[in-house]
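# Close look at the chain arrangement
Single-letter residue listing:
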Protein chains: 2
Amino acid sequence: MDRSVGIVADESSIMKAVEPLPEDFDPTAVIKDPVPPVVENNGSVRGVTKMREDKSKREIVLGRNVHTSCLEVTEPDADDEMTGDRDAYMASVLARYRKSLMERTKHHLGYPYNLDFDYGALAQLQHFSINNLGDPFIESNYGVHSRQFEVGVLDWFARLWEIEKNEYWGYITNCGTEGNLHGILVGREVFPDGILYTSRETHYSIFKAARMYRMECMKVDTHCTGEIDCDDFKAKISRNKDKPAIVNVNIGTTVKGAVDDLDLVIKTLEEAGFSHNRFYIHCDGALFGLMMPFVKRAPKVSFKKPIGSVSVSGHKFVGCPMPCGVQITRLEHVNVLSRNVEYLASRDATIMGSRNGHAPIFLWYTLNRKGYRGFQKEVQKCLRNAHYLKDRLRDSGIGAMLNELSSTVVFERPHDEEFTRRWQLACQGNIAHVVVMPNITIEKLDKFLEELVVKRAKWFEDGNCQPRCIASDVGESSCLCALHK
Amino acid sequence: MDRSVGIVADESSIMKAVEPLPEDFDPTAVIKDPVPPVVENNGSVRGVTKMREDKSKREIVLGRNVHTSCLEVTEPDADDEMTGDRDAYMASVLARYRKSLMERTKHHLGYPYNLDFDYGALAQLQHFSINNLGDPFIESNYGVHSRQFEVGVLDWFARLWEIEKNEYWGYITNCGTEGNLHGILVGREVFPDGILYTSRETHYSIFKAARMYRMECMKVDTHCTGEIDCDDFKAKISRNKDKPAIVNVNIGTTVKGAVDDLDLVIKTLEEAGFSHNRFYIHCDGALFGLMMPFVKRAPKVSFKKPIGSVSVSGHKFVGCPMPCGVQITRLEHVNVLSRNVEYLASRDATIMGSRNGHAPIFLWYTLNRKGYRGFQKEVQKCLRNAHYLKDRLRDSGIGAMLNELSSTVVFERPHDEEFTRRWQLACQGNIAHVVVMPNITIEKLDKFLEELVVKRAKWFEDGNCQPRCIASDVGESSCLCALHK
């Protein structure tokens, strides 16, 4: 079991490591049995999808542990290559998995992911290890990259958010969270003693950033729509005028799809006496950062306004097989973050050093196919379908709210966890939501509504159970509980 | 150009947002021309791969900007769908790109990526948006995930590094950097006032972590092999006994492939009077974390020793189309990081919230096919080929060094940037390196050597140029410059 024989003897050679190696040393010698001993007691059967047997233990320590069945990695038998058994086993696992993915994709309503895409033309690239190491604008010596696609995509977003090519810096991130982590980090580097302000309905990644970066963070109240309450914001910044303000503005909150009014936030800062060189605004565009530009009357996200950075998710409205995102900031700001790393022949101003080179190609492909006009059509469709869903819910006596600039329909949380999981609804307290994305059709919504109405009649039939009151979450006018209807 | 008409009028409705919308408001109305105006002056021709015209500007601000040619995203014409022109254009771009990737993959030696993999069986999954939101061990409501594969992979690594299933926590990261960021963050949360110690030849992501997390960081000297100098380490920790130590141990440095002696680091801490509850060790296993367990006499990375976390890259030795990694830590430590996020029905102890669900499947597939024994064979081959390369270089009069537990061959940096780029060598100061991975054959090494020897004769033929001295980088015994040969 102990393979570390020889460590003590090696110490002296390590301390004077340029000396010749001991004569008997064979660096290519490998240990006899490379299979580590199993460090747990429970037996396992190859090829059987088994339940984690330590489930109950994790449950206590880490919280709700829904049946997680794990696909064990097993050691191939010596004759596997000959018999082909292993290949057959793996093919069957993958086929079953694919079937379950199809089923889960069909019944999906709760998360803001556009599951409707066809990247068949890009399958030919899966064979390559594409890595955009470091800065997108500076070539590294590693040749298997996709910077040319990445910069093309960034330029498209720079145009959308109105910043000149030679004034912005950005990169394709691994997800919305990375964009937020980057934006807040840039803000902190610009104002090391700045206070972070953000509404209490902000995505948790912003609070995570504050903790990671050891920043003072103040939560600002929200209206029941989910938007930041600028009266409270003003009160809070006015009490802390001695320190610069780093502000996160939500362009669509996670739960209610509420859009903070960027113009009002800026006006509030100005009125409280913050000059433009005393605040930094990061716009968390998660989902709506890419939808809002196409909605009339929406407050515009633009670098012509005094903002520092904008991030948006790539796998949400665009649709992508894996999470990704776009982060754009001002070139002047990013220099404070940069560090010259000769090893990569690249400066590293990103959070991650190695970056998925496939994601930019997926994005490039979709942006090229759809264009601004294609996105406009899809946004229109989503907003129309979201209104349809909200109206149908309310017609059925179910309390529901839809923010005016949003396709996130909030409604009373179903009483049945099974139903919630089946439709993959995201829930918080008494509310659940459906995010109407381009792949959510009227037919799918009808099917969902039909099921919900039938289920609901059942939940409430014996009178023991009542529709939930959601007034404190979304306001009385959106609630249809016994008290408020 | 200004699409934000109506913002001021909207303010009152936003402040009292539950009031009915203005009668004339049509949330599904979209702006007339969704194509943003071009915010720069240079014209661009569709379909032409154009050079970035602001290159010179970036060069000044961001450093070396090698010719970055960008593939512009262009707006489809109205009739594109009918003519098929756009599809044809995109297909041709992709075909050209694929060809260049094949060429670049063929001539690749410098970065530790195993480019030899065949994931054809997984192409069927590219159609799905697979996202492992939050914690791998706790199911979220989003159903299109691959946790069952992820946990299987994690269990395999837990067995490799000797920690029981119910005592570890971990996840599949986006890259080695994320593993390091996580490990150091866990260390800081366990010891908020701890000082971070790491050798000066450490990967830059550790120094980035120190800056991000606002930690005190002390650089420790190294031997010329690249290993941490434990005498200097002892001196530094002895002067700071009042604060806990957070130590990064390199299981293979980036440039020289040097392996810090974990046992000696632990012994040094103990001798300096640090009890086990006063230090936290993170092992950056980047590349060698997966190779070392199969090398005889290598100091063993094991959770039976007082270490806190281990990370390793998945795209390096295993090989994967996109960067990914594995991070394993003790379950007891991760609770300090956890936050309950009801929205995801998941705790978030990861750095990123949304995570690529394809990466775990790639890893699961390769681990299952190769098994521990398969990796053993590949490690053996790599070490043997690395020795071959080092010997051949020295036989040709080229100074070279190979650490005993490593497949990274360090040698004098070529005098020709063109040659360096062609073989995608990573360079630092006077040295370059080749990382011998499973896809690097003797034939490829011979071809490289042959070219290098021919080129070298040319560089030095007129006597103006001399072989570089690399004694200060790798020690006199490895140098073959005029002075040391």
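Looking at an unreviewed UniProt entry, one finds chain A named Serine decarboxylase, with Acacia crassicarpa as its source organism. What UniProt records for chain A under Sequence similarities (unreviewed entry) is the sentence "Belongs to the group II decarboxylase family." In its Catalytic activity (unreviewed entry) section, UniProt records this for chain A: "L-serine + H(+) = ethanolamine + CO2".

## With respect to the overall build of chain A
Within chain A, the regular secondary structure consists of 15 helices and 15 strands. Considering only intrachain contacts with a sequence separation of at least 6, the fraction spanning at least 24 residues in chain A is 68%.

## Focus on the packing of aromatic side chains
If you walk through the whole model with that rule in mind, you get 42 aromatic pairs over all chains. Aromatic side chains Tyr142 of chain A and Tyr111 of chain B sit 5.4 Å apart centroid to centroid with 65° between the ring planes, which places their arrangement in the edge-to-face category. Residue Tyr142 of chain A is found in the loop between helix H4 (85–106) and helix H5 (147–160), and its partner Tyr111 of chain B is found in the loop between helix H4 (85–106) and helix H5 (147–160); the two belong to separate chains. What links up through ring pairs into an aromatic cluster is the set Trp156, Phe157, Trp161, Phe317, Tyr372 and Phe375 of chain A. One cation-aromatic arrangement involves Lys219 of chain A over Phe207 of chain A; the distance from NZ or CZ to the ring centre is 4.8 Å.

## With respect to the pattern of salt bridges
What the rule picks out here adds up to 49 salt bridges over all chains. Salt-bridge contacts for Arg200 of chain B lead to Asp221 of chain B; the nearest nitrogen and oxygen are separated by 3.2 Å. Pair noted here: Arg200 of chain B is in the loop between strand S4 (195–199) and helix H7 (204–212) and Asp221 of chain B is in the loop between strand S5 (217–220) and helix H8 (230–238), with a separation of 21 residues, a long-range link. Salt bridges sharing partners connect three or more residues here, namely Glu162, Lys300 and Lys304 of chain A.

## Looking at the pairing of strand S15 (residues 431–435) of chain B
Regular strands show a simple pattern: their side chains alternate between the two faces of the sheet. Residue and element names in this part refer to chain B. In terms of residue burial, S15 counts as a mostly covered element, since five of its five residues are buried. Of the two faces of S15, the one carrying Ile431, His433 and Val435 and the one carrying Ala432 and Val434 are both buried. Looking at chain direction, strand S13 (residues 408–412) and S15 are connected through five bridges and run antiparallel. Bridge pairing in S15 links Thr408 to Val435. Sheet analysis places strand S14 (residues 426–428) next to S15, joined by three bridges and oriented antiparallel. When the bridges of S15 are listed, Gln428 appears paired with Ile431. Hairpin connection between S14 and S15: a loop of two residues separates the two successive antiparallel strands, and Gly429 in this loop has a positive phi of roughly 60°.

## Topic: the sheet that holds S5 of chain B
Residues and elements named next belong to chain B. As summarised here, the arrangement of the seven strands in space is S3-S9-S8-S7-S6-S4-S5, forming an open sheet in which the pairing is mixed. On the outer flanks of this sheet lie strand S3 (168–173) and S5, each paired with one strand and no other. Going from strand to strand, the sheet's axes swing by 15° on average, the running direction of each strand aside. Examined bridge by bridge, S3 and strand S9 (residues 325–330) share six bridges and lie antiparallel to one another. Bridging from a neighbouring strand, Tyr168 pairs with Arg330 of S9.

## Here we look at helix H12 (residues 358–395) of chain B
Residues and elements named next belong to chain B. With 38 residues, H12 should reach 56 Å at 1.5 Å per residue; the first-to-last C-alpha distance of 45 Å falls well below that figure. For H12, the principal kink sits at Gly371 and spans about 80°. Two residues or fewer after H12 comes Gly397, characterised by a positive phi angle close to 80°.

## A short note on the sheet that holds strand S12 (residues 400–402) of chain B
Hydrogen bonding along the main chain pairs the strands of a sheet, whether they run parallel or antiparallel. Residues and elements named next belong to chain B. With antiparallel pairing, the four strands of this open sheet are ordered in space as S12-S13-S15-S14. Among the strands making up the open sheet, the edge pair consists of S12 and S14. Taken pair by pair, the neighbouring strands of this sheet meet at an average axis angle of 25°, ignoring direction. Against the sheet, H12 makes contact with S12, S13 and S15, and its axis sits at roughly 160° relative to S12, the strand it touches most. Helix H14 (residues 442–460) rests against S13 and S15 of the sheet, and its axis sits at about 15° to S13.

## Comments concerning the UniProt feature "modified residue: N6-(pyridoxal phosphate)lysine" (unreviewed entry) in chain A
Residue and element names in this part refer to chain A. Residues given the UniProt feature "modified residue: N6-(pyridoxal phosphate)lysine" (unreviewed entry) here are Lys316. Of the residues examined, Lys316 reaches a relative accessible area of 14% and is grouped as buried. Excluding anything up to four places from it in sequence, Lys316 contacts Pro112, Tyr113, Asn114, Ala286, Leu287 and Met437.

## Focus on the nonpolar core
Phe157 and Ile281 of chain A together with Phe157 and Ile281 of chain B are the most contacted members of the largest nonpolar core, which totals 280 residues. Those residues within four positions of Phe157 of chain A in sequence are excluded, and the remaining contacts are Leu290, Val312, Val326, Ile328 and Leu367 of chain A.

## A short note on the packing of helix H12 (residues 358–395) of chain A against H4 of chain B
Contact pair H12 of chain A / H4 of chain B: the axes reach a minimum separation of 11 Å and the direction vectors enclose 160°. Compared by their axis directions, H12 of chain A and H4 of chain B come out roughly antiparallel. In terms of crossing hand, the pair formed by H12 of chain A and H4 of chain B is right-handed. Contacts between H12 of chain A and H4 of chain B involve Ile361, Trp364, Tyr365, Asn368 and Arg369 of chain A from the former and Arg86, Asp87, Tyr89, Met90, Val93, Leu94 and Tyr97 of chain B from the latter. Classifying every residue of the contact of H12 of chain A with H4 of chain B gives eight nonpolar, one polar and three charged.

## Re H8 of chain B
Residues and elements named next belong to chain B. Residues of H8 that are buried include every one of Cys230, Asp232, Phe233, Lys236 and Ile237, and no others. For H8, the angular spread of the buried residues around the axis is 150°, confining them to a single face. Contacts made by the buried residues of H8 are with S4, S5, strand S6 (245–250) and helix H9 (262–271). Between the side-chain oxygen at the start of H8 and the backbone nitrogen of Asp231 there is a gap of 2.9 Å, and the oxygen is on Asp229.

## Some words on the pairing of S4 of chain B
All names here are of chain B. Along S4, five of the five residues are buried, which leaves the element largely enclosed by surrounding structure. Judged by which residues are buried, S4 turns out to be covered on both faces: Ile195, Tyr197 and Ser199 on one side and Leu196 and Thr198 on the other are all buried. For S4 and S6, the ladder comprises three bridges, and the chain directions are parallel. Looking at S6, one finds that Leu196 is bridged to Ile246.

## A look at the environment of Pro467 of chain B
Note on placement: Pro467 of chain B falls in the loop between H14 and helix H15 (471–474). For Pro467 of chain B and Ile398 of chain B, which are 69 residues apart along the polypeptide, the C-alpha to C-alpha distance reads 8.1 Å.

## Some words on the state of the cysteines
Counting across every chain of the model gives zero disulfides over all chains. Here Cys175 of chain A stays unpaired: no disulfide links it, and the sulfur of Cys324 of chain A, its closest cysteine neighbor, is 9.3 Å away. For Cys175 of chain A, a relative accessible area of 1% puts it in the buried group. Here Cys283 of chain B is not disulfide-linked; the sulfur of Cys230 of chain B is the nearest cysteine sulfur, at 13 Å. A relative accessible area of 0% places Cys283 of chain B in the buried class.

Definitions and cut-offs
Residues numbered from 1 in each chain as written. Chains lettered and ligands numbered in written order. Predicted model: local features only at pLDDT ≥ 70, side-chain atom pairs only at ≥ 80, totals over all residues. Heavy atoms only, no water. UniProt positions renumbered as here; feature names shortened; annotations may be inferred. Helix = DSSP H or I, 4+ residues; strand = E, 2+ residues; numbered from the N terminus. Contact = heavy atoms within 4.5 Å. Phe/Tyr/Trp six-rings, centres within 6.5 Å; stacked < 30°, edge-to-face > 60°. Lys NZ or Arg CZ within 6 Å of the ring centre and 35° of its normal. Salt bridge = Lys/Arg side-chain N within 4 Å of Asp/Glu carboxyl O. Buried < 20%, exposed > 50% of the residue type's maximum accessible area, 1.4 Å probe, protein only. Pairing = 2+ DSSP bridges. Axes fitted to C-alpha atoms, helices over the stretch in contact; angles between N-to-C directions. Expected span 1.5 Å × (residues − 1). Bend = angle between axes of the 7 residues up to and from the residue. Core = buried A, V, L, I, M, F, W, Y, C linked by side-chain atoms within 4.5 Å. Parallel < 35°, antiparallel > 145°, perpendicular 65-115°, else oblique. Left-handed = near helix turned anticlockwise from the far one by under 90°. Nonpolar A, V, L, I, M, F, W, Y, C, P; charged D, E, K, R; others polar. Arc of directions from axis to C-beta. Polar contact = N/O pair within 3.5 Å; in protein donor to acceptor, adjacent residues only side chain to side chain. Disulfide = S-S within 2.5 Å.

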